[in-house]
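Spelled out, the chains give:
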Amino acid sequence: MFAATHLNVQNMRRQSLVQILFMLMTAILILPVLIILATLIYKGGPAISFEFLFSDPRDGMTAGGIFPALVGTVWLVAVALLVSVPLGVAAAIYLSEFAPQNWFTRIINLAIINLAGVPSIVHALFGVGAFVLFFGFGTSILAAALTLAIMTLPVVIVATRESLQAVPLAFREACWNMGATRWQTIHRVVLPNAVSGILTGVILEVSRTTGETAPIMFTGAAFFLPFLPESVFDQTMALSLHLFVVSTQVPGVPDEMPYGVALVLIGMVLAMNSVSIAFRMYLRGKKKW
Amino acid sequence: MEQAQAIAETGNGAAGAASAQTAAHAIHTRDLNLWYGDFQALYDINLDIKQGIITSLIGPSGCGKTTFLRSINRINERLGYVRIQGAVEVYGHDIFAPGVEIAQVRKQIGMVFQRPNPLPISIRDNVLFGFNLHGEVRRRLHRSEQDEIVEGALRQVLLWDAVKDHLDRKATELSLEEQQKLCIARLLPVKPRVLLMDEPCSALDPKGTEAVEELIWGLAGEYTILIVTHNMAQARRASDECIFMLMGKVVEHGDTADTFVTPVHKETADYIEGRYG
Ligand SMILES: Nc1ncnc2c1ncn2[C@@H]1O[C@H](COP(=O)(O)OP(=O)(O)O)[C@@H](O)[C@H]1O
Ligand SMILES: [Mg+2]
């Protein structure tokens, strides 16, 4: 009575087929990532040492370490974050909570999404025009970081807006109905419930700037500068540019060196992402709904 | 601003009702019309809802009950495409008058929703939430004063005994029935004068429904209550007056007992009978 019919068998077969197919597609997706990581670790691993991380490049960058580039990247990303996160979060709060939902706001939202698609080289040229020349910051950490910030603003805004809109309407209505003002609602209910999403979304998006090369190349990153920046008005080396330089621009670089630089770069991005994910998990644990 | 002040003062009870004539009527609407874009949802609503009693609002789905409720505390206006004409007075004060502060209107007119919507914070903080919104920034209440408010509100909604030992639990972990009670409780410390309830029991099981009904009974007198319900039996046993709406219009408004026994309009009779039992 409960035995499988011909039709059952056919259905089961079809299901297994589909399942295997989709699994293969997933594998195709993951494989390149694994190969890249394995190659980097295999070829670049031997290059990594305390000396590599914490000393200056020597002998026309064919020997020594990457310390100035490492520090430079940290500077660039930190300053960029410092500028783009407050600006972007504030803009997103305004757009999603205060602005009247009319055609003008919709156009602005559309423009922001489009802005996220602008190629980074275009941002680079904008950075040269605006920050290096017009504002007179020269080629400096400040100009480069501002260019990065402008580039990441749209994604920060979009990530923040998504987190804000994920807070259920019922929470807001509960507030309004007790006579809360908009700001009270935002500050006491919406933000506390959106903050984990905002932070992690923003860090995930922004960690990508670590690897950006074009926007900083003309605005503040130097080819070779074997000392540390002292202020945001100095130029600096950066990992991404350094990787470009040691892999294509200077002869006689030992094989493992570019791989080592790439490994450090990827390590930094992964570290930022892990921090963001750990943070999200911590906040989720504390989250009340 | 002055208007808002006036509403706020009457809210404190000390100032009392604005005049003898308005004293009997908590909510007075005159030719209230409302449009969602081009669609008219309310037609010439003229109602006088008495103070201190429970008035039930019945009618088929889509007849505009929620819309009416939401225009009384001006929460509909959030939608940009809503247009309202006519007047609504609450305790003699025009809620649409220029200078009226929306936050004050909503403070005076609390609302309970179909689905309980406690905030994702502790039970205690939920009860104090509204109160803290309106409290003086500089004067923080003593813990004991806060405790008093929490206990008072929770007792009034018959929830105190069930939660008194774990006030720090998240409100969202409570049962639906308890959540709905909490949603009513958190309105009380703000001292509203009117409570609007939009099918407050429709998400609850029969036992929960009974419990919440009981507490609503207990609140009548102190508060003017306007309750939307789909449940004829509930309207009949739990309200003093009854309003029947159909397609955006008020068909009948009268004493609940009379309306159910000898409805004036045929539509009312049809609806009551069709839904009854
Ligand atoms: N936000 C809205 N936008 C447009 N139309 C709406 C909206 N809310 C309700 N309506 C319409 O208004 C009418 C009355 O709805 P509602 O007040 O929710 O009825 P009820 O609560 O009596 O079921 C319905 O025809 C409904 O489709
Ligand atoms: Mg409704």
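Anything mentioned here points back to the structure above.
Quick caveat: nothing in here was measured; it's all calculated off a predicted structure.

(A) Region of the structure containing the site of ligand 1. Residue and element names in this part refer to chain B. Inspection of the region around ligand 1 gives Tyr 36, Phe 39, Ala 41, Ser 61, Gly 62, Cys 63, Gly 64, Lys 65, Thr 66, Thr 67, Leu 79 and Tyr 81 as its neighbouring residues. Between ligand 1 and Cys 63, the relevant distance is 3.3 Å, taken from an oxygen atom to a main-chain nitrogen or oxygen of the residue. Interatomic distance of 2.9 Å between a side-chain N/O atom of Lys 65 and an oxygen atom of ligand 1. If ligand 1 stood free it would expose 560 Å²; the protein chains cover 65% of that surface. Contributions of two or more residues to the shell around ligand 1 are made by β2 (39–50) and α3 (65–72). If you tally residues by element for the shell around ligand 1, the top one is α3, at 3 residues. Looking at the shell around ligand 1 residue by residue, the classes come out as 6 nonpolar, 5 polar and 1 charged.

(B) View of the interface of chain A and chain B. In this complex, chain A contributes 20 residues to the contact, which on the side of chain B involves 24 residues. Where chain A abuts chain B, roughly 1,900 Å² becomes buried across the two surfaces, and 63% of that area is made up of carbon and sulfur atoms. For the pair chain A and chain B, the number of links is 1 salt bridge. The salt bridge partner of B:Arg70 is A:Glu173, with a shortest N-O separation of 2.7 Å. Applying the counting rule to chain A against chain B returns 5 residue pairs in polar contact (both at pLDDT 80 or more). In terms of residue class, the side of chain A that touches chain B is made up of 10 nonpolar, 5 polar and 5 charged.

(C) Seen up close, the pairing of strand β7 (residues 194–198) of chain B. Residue and element names in this part refer to chain B. Of all the 5 residues making up β7, 5 are buried; the element is thus mostly covered by neighbouring parts of the structure. Because side chains alternate across β7, one face comprises the buried residues Val 194, Leu 196 and Asp 198, and the other comprises Leu 195 and Met 197, equally buried. Pairing geometry for strand β6 (residues 109–112) and β7, over 4 bridges, is parallel. When the sheet's bridge partners are listed, Met 111 is paired in β7 with Leu 196. Across 5 bridges, the pairing between β7 and strand β8 (residues 224–228) is parallel. Note on β8: the bridge partner recorded for Leu 195 is Ile 225.

(D) Local environment of the sheet that holds β8(B). Residues and elements named next belong to chain B. The strand order across the open sheet built from 6 strands is β6-β7-β8-β3-β9-β10, with neighbouring strands paired in mixed fashion. Across the chains shown, the open sheet's two edge strands, defined by having one partner strand only, are β6 and β10 (249–255). Each adjacent strand pair in this sheet contributes to an overall mean axis angle of 15°, direction not counted. Lying on the sheet, helix α9 (residues 206–219) is in contact with β3 (54–58), β7 and β8; it crosses β8 at an angle near 150°.

(E) A look at the packing of aromatic side chains. All names here are of chain A. Evaluated as defined, the whole model comprises 10 aromatic pairs over all chains. Ring centres of Phe 50 and Phe 54 lie 4.8 Å apart, and the angle between their planes is 35°; on these two criteria the pair is classed as tilted. Within this pair, Phe 50 and its partner Phe 54 are both found in helix α2 (residues 50–54), separated by 4 residues, close to a single helical turn. Judged by relative accessible area, which is 66%, Phe 50 ranks as exposed. Ring geometry for Phe 54 against Phe 67: centres 5.6 Å apart, planes inclined by 50°, an arrangement best described as tilted. With Phe 54 in helix α2 and Phe 67 in helix α3 (residues 67–98), the pair connects residues that are 13 residues apart, well separated along the chain. When its relative accessible area of 22% is taken as the criterion, Phe 67 is described as partly exposed.

So, how was this worked out
- Residues numbered from 1 in each chain as written.
- Chains lettered and ligands numbered in written order.
- Predicted model: local features only at pLDDT ≥ 70, side-chain atom pairs only at ≥ 80, totals over all residues.
- Heavy atoms only, no water.
- Near = heavy atom within 4 Å.
- Polar contact = N/O pair within 3.5 Å; in protein donor to acceptor, adjacent residues only side chain to side chain.
- Areas by Shrake-Rupley, 256 points an atom, 1.4 Å probe, with all protein chains shown as cover.
- Helix = DSSP H or I, 4+ residues; strand = E, 2+ residues; numbered from the N terminus.
- Nonpolar A, V, L, I, M, F, W, Y, C, P; charged D, E, K, R; others polar.
- Contact = heavy atoms within 4.5 Å.
- Buried area = accessible area lost by both parts, 1.4 Å probe.
- Salt bridge = Lys/Arg side-chain N within 4 Å of Asp/Glu carboxyl O.
- Buried < 20%, exposed > 50% of the residue type's maximum accessible area, 1.4 Å probe, protein only.
- Pairing = 2+ DSSP bridges.
- Axes fitted to C-alpha atoms, helices over the stretch in contact; angles between N-to-C directions.
- Phe/Tyr/Trp six-rings, centres within 6.5 Å; stacked < 30°, edge-to-face > 60°.

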